[in-house]
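# Topology and contacts: notes
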Amino acid sequence: MYFISLHYIAPLEQVDALIPEHVEWLNAAYAEGCFLASGRKVPRTGGAILAVNMPRERLDALLATDPFYTGGVAEYQVTEFSPGMAHPDLQHWIGQ
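These remarks concern the structure in this document.

Here the focus is the overall build of the protein. If you tally the helices and strands in the protein, you get four helices and four strands. The C-alpha radius of gyration computed for the protein amounts to 14 Å, which stays within 12% of the reference 12 Å derived for 96 residues, consistent with globular compactness. On the principal axes, the C-alpha backbone points of the protein span a range of 40 × 25 × 20 Å. Across the protein, the fraction of contacts at a sequence separation of at least 24, relative to all contacts at a separation of at least 6, is 69%. Of the accessible surface of the protein, which amounts to about 5700 Å², a share of 57% is contributed by carbon and sulfur atoms. Taking the 5 positively charged and 11 negatively charged side chains of the protein as two groups, their mean positions are separated by 5 Å.

What follows concerns helix H1 (residues 12–31). Every α-helical turn comprises 3.6 residues, leaving residues that sit three or four positions apart pointing alike. The terminal C-alpha atoms of H1 lie 27 Å apart, and with 20 residues this matches the ideal 28 Å at 1.5 Å per residue to within 8%. Of all bends in H1, the biggest is about 50°, found at Ile19, and the proline Pro20 comes one to four residues later. All of the buried residues along H1 are Val15, Leu18, His22, Trp25, Leu26 and Ala29. Those residues of H1 hidden inside the fold are in contact with strand E1 (2–8), strand E2 (35–40), strand E3 (46–51), helix H2 (56–63) and helix H3 (67–70).

Our focus in this paragraph is the sheet that holds strand E4 (residues 74–80). Whether parallel or antiparallel, the strands of a sheet pair through hydrogen bonds between backbone atoms. With antiparallel pairing, the four strands of this open sheet are ordered in space as E2-E3-E1-E4. Both outer strands of the open sheet, E2 and E4, are each paired with one neighbouring strand and no more. The sheet shows a mean angle of 15° between the axes of neighbouring strands, direction not considered. As paired elements, E1 and E4 share seven bridges and run antiparallel to each other. The residue of E4 that forms the bridge with Tyr2 is Glu80. Together, E1, E2 and E3 form the strand contacts of H1, whose direction differs from that of E2 by roughly 165°.

Taken as a whole, the largest pocket spans an internal volume of roughly 220 Å³. As for the largest pocket, its lining consists of 14 residues, of which His22, Leu26, Gly39, Arg40 and Phe68 are closest to the centre. Grouping the constituent residues of the lining of the largest pocket by class yields eight nonpolar, five polar and one charged.

Ile4, Phe35, Leu59 and Phe68 are the most contacted members of the largest nonpolar core, which totals 23 residues. When residues of this core are traced back to their parent elements, those giving at least two are E1, H1, E3, H2 and E4. The element best represented in this core is H1, accounting for five residues. Residues in contact with Leu59, not counting those within four places in the same chain, are Tyr2, Ile4, Ala51, Met54 and Val78.

Rules and cut-offs
- Residues numbered from 1 in each chain as written.
- Predicted model: local features only at pLDDT ≥ 70, side-chain atom pairs only at ≥ 80, totals over all residues.
- Heavy atoms only, no water.
- Helix = DSSP H or I, 4+ residues; strand = E, 2+ residues; numbered from the N terminus.
- Rg over C-alpha atoms; globule rule 2.2 N^0.38 Å.
- Contact = heavy atoms within 4.5 Å.
- Areas by Shrake-Rupley, 256 points an atom, 1.4 Å probe, with all protein chains shown as cover.
- Lys, Arg positive; Asp, Glu negative; His and termini not counted.
- Charge placed at Lys NZ, Arg CZ, Asp CG, Glu CD.
- Expected span 1.5 Å × (residues − 1).
- Bend = angle between axes of the 7 residues up to and from the residue.
- Buried < 20%, exposed > 50% of the residue type's maximum accessible area, 1.4 Å probe, protein only.
- Pairing = 2+ DSSP bridges.
- Axes fitted to C-alpha atoms, helices over the stretch in contact; angles between N-to-C directions.
- 1 Å grid on protein atoms, 1.4 Å probe; cavity = no way out; pocket = protein on both sides within 12 Å on 5 of 7 lines; lining within 4 Å.
- Points joined across faces, edges and corners; volume = space filled by probe spheres on them.
- Nonpolar A, V, L, I, M, F, W, Y, C, P; charged D, E, K, R; others polar.
- Core = buried A, V, L, I, M, F, W, Y, C linked by side-chain atoms within 4.5 Å.

Shown next, in the form of structure tokens:
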């Protein structure tokens, strides 16, 4: 699995202008089964995404199509992790 931390590098006005496209991108990634959760950081300095296990190259290619990335308003830090424990509802997604 991956934890992706987005950090805004542009004013919020520029981020807000790309939200409709970013939401479409998120919806497509959810439909493909790539993401489990996503949302804004508090305070609003960026966002976070929890992604299922996949080849890192596939994740990098997916992130490269995010309108926040292509629009130059966010940068990403990707952390791969191997869950040792999880809620029973997540067992299918983490392979335990």
